[in-house]
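Residues per chain, in single letters:
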Amino acid sequence: EAGVAQSPRYKIIEKRQSVAFWCNPISGHATLYWYQQILGQGPKLLIQFQNNGVVDDSQLPKDRFSAERLKGVDSTLKIQPAKLEDSAVYLCASSLVEGPFFGQGTRLTVV
Amino acid sequence: DAKTTQPPSMDCAEGRAANLPCNHSTISGNEYVYWYRQIHSQGPQYIIHGLKNNETNEMASLIITEDRKSSTLILPHATLRDTAVYYCITSGTYKYIFGTGTRLKVLA
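Residues numbered from 1 in each chain as written. Chains lettered and ligands numbered in written order. Predicted model: local features only at pLDDT ≥ 70, side-chain atom pairs only at ≥ 80, totals over all residues. Heavy atoms only, no water.

Asker: What's the story with the overall build of chain B in this structure? I'm lost.
Answerer: Broken down by element type, chain B carries 0 helices and 9 strands. Ordered by position from N to C terminus, the α and β elements of chain B give β-β-β-β-β-β-β-β-β. Each principal axis of the C-alpha atoms in chain B carries an extent, and together these give about 40 × 25 × 20 Å. Burial analysis of chain B (108 residues in total) assigns 44% to the buried set. Residue pairs in contact within chain B that sit at least 24 positions apart in sequence constitute 55% of those at least 6 positions apart. Counting every atom, chain B has about 5700 Å² of accessible surface; 49% of that belongs to carbon and sulfur. Of the side chains in chain B, 10 bear a positive and 9 a negative charge, and the two mean positions are spaced by 3 Å. (Helix = DSSP H or I, 4+ residues; strand = E, 2+ residues; numbered from the N terminus. Buried < 20%, exposed > 50% of the residue type's maximum accessible area, 1.4 Å probe, protein only. Contact = heavy atoms within 4.5 Å. Areas by Shrake-Rupley, 256 points an atom, 1.4 Å probe, with all protein chains shown as cover. Lys, Arg positive; Asp, Glu negative; His and termini not counted. Charge placed at Lys NZ, Arg CZ, Asp CG, Glu CD.)

Dropping the structure here:
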């Protein structure tokens, strides 16, 4: 069974630029999550989708972050404009019934 | 905020059992206890979960106290590859909130 796929693996951008991350969840998994993990901290939930609807986006900084999940499968997370404090690993995870399975993450560095 | 409390770090000798405690005193009746681990530069990896009975799989055992207010993850024969951050999470609504976890270092 293929795992959660994320791209790119690494991204370096300048502050005020925009960036997008892509996630392909495990086939058939209805729930998709985006987490932000700052160095030395645990993953922080940004947004949770059930199929293509948003279940929880209370921790998503909506002035600069946006996410969508078209057709209830793939998802993209966008940051526009990026700030230095957005430097982190962005993790995508998906689940069907039990605990989520995570991708390898995208390491974003904002300079 | 995370609803669990874990020690920030632990050491364990290679080949010995690693016992990682977790306190979840506010757990509600429908919430499961999940354990994940994260090896450097990788995404979190699912280990095991349980509701109230003890559970065992090929990776670990999970012991949940009768009152469900705490649990222990047991790695029966720790190896150097088990060095990682271990997270204990409670969830009953498909929402998984991570704390800061326990950094386990397995020593040769």
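Now that the structure has been shown, we can carry on.
Asker: Before we go on, may I ask you to explain the pattern of salt bridges in this structure?
Answerer: Charged atoms that come close allow side chains of opposite charge to pair. Applying the stated rule across the entire model yields 5 salt bridges over all chains. The closest approach of N and O atoms between Lys95 of chain B and Asp56 of chain A, which form a salt bridge, is 2.5 Å. Pair noted here: Lys95 of chain B is in the loop between strand 8 (84–91) and strand 9 (102–107) and Asp56 of chain A is in strand 6 (residues 53–56), and the two residues belong to different chains. Look at Lys95 of chain B and you get partly exposed, because its relative accessible area is 31%. Taking relative accessible area as the criterion, Asp56 of chain A reaches 14% and is therefore assigned buried. The closest approach of N and O atoms between Lys3 of chain B and Glu31 of chain B, which form a salt bridge, is 2.3 Å. Here Lys3 of chain B is found in the segment before strand 1 (9–13), whereas its partner Glu31 of chain B is found in the loop between strand 2 (18–23) and strand 3 (32–38), with 28 residues between them in sequence. On the accessibility criterion, Lys3 of chain B (39% relative accessible area) is partly exposed. (Salt bridge = Lys/Arg side-chain N within 4 Å of Asp/Glu carboxyl O.)

Asker: How do you make sense of the state of the cysteines when you look at a structure like this?
Answerer: Here, disulfide denotes a covalent bond that connects the sulfur atoms of two cysteines. Residue and element names in this part refer to chain A. This model, assessed by the stated rule, comprises 2 disulfides over all chains. Cys23 shares a disulfide with Cys92; S-S distance 1.9 Å. Here the disulfide of Cys23 and Cys92 is left-handed, its torsion about the S-S bond being about -70°. Here Cys23 is found in strand 3 (residues 19–24), whereas its partner Cys92 is found in strand 9 (residues 88–95), with 69 residues between them in sequence. (Disulfide = S-S within 2.5 Å.)

Asker: For this particular structure, what's the right way to read the sheet that holds strand 8 of chain B?
Answerer: Within a sheet, each strand pairs with its neighbour through backbone hydrogen bonds, oriented either parallel or antiparallel. All names here are of chain B. If you walk across this open sheet you meet the 5 strands as 1-9-8-3-4, and the pairing is mixed. The open sheet terminates on both sides in strands that have one partner only, identified here as strand 1 and strand 4 (45–50). For this sheet, the mean inter-axis angle between neighbouring strands, taken without regard to orientation, is 25°. (Pairing = 2+ DSSP bridges. Axes fitted to C-alpha atoms, helices over the stretch in contact; angles between N-to-C directions.)

Asker: Would you take a moment to explain the side chain of Ser94 of chain A for this structure?
Answerer: Residue and element names in this part refer to chain A. Relative to the helices and strands, Ser94 is located in strand 9. For Ser94, a relative accessible area of 0% corresponds to the buried category. In this structure, Ser94 is in contact with Val4, Pro25, Ile26, His29, Thr31, Leu32, Tyr33, Pro100 and Phe101, ignoring residues within four places of it in sequence.

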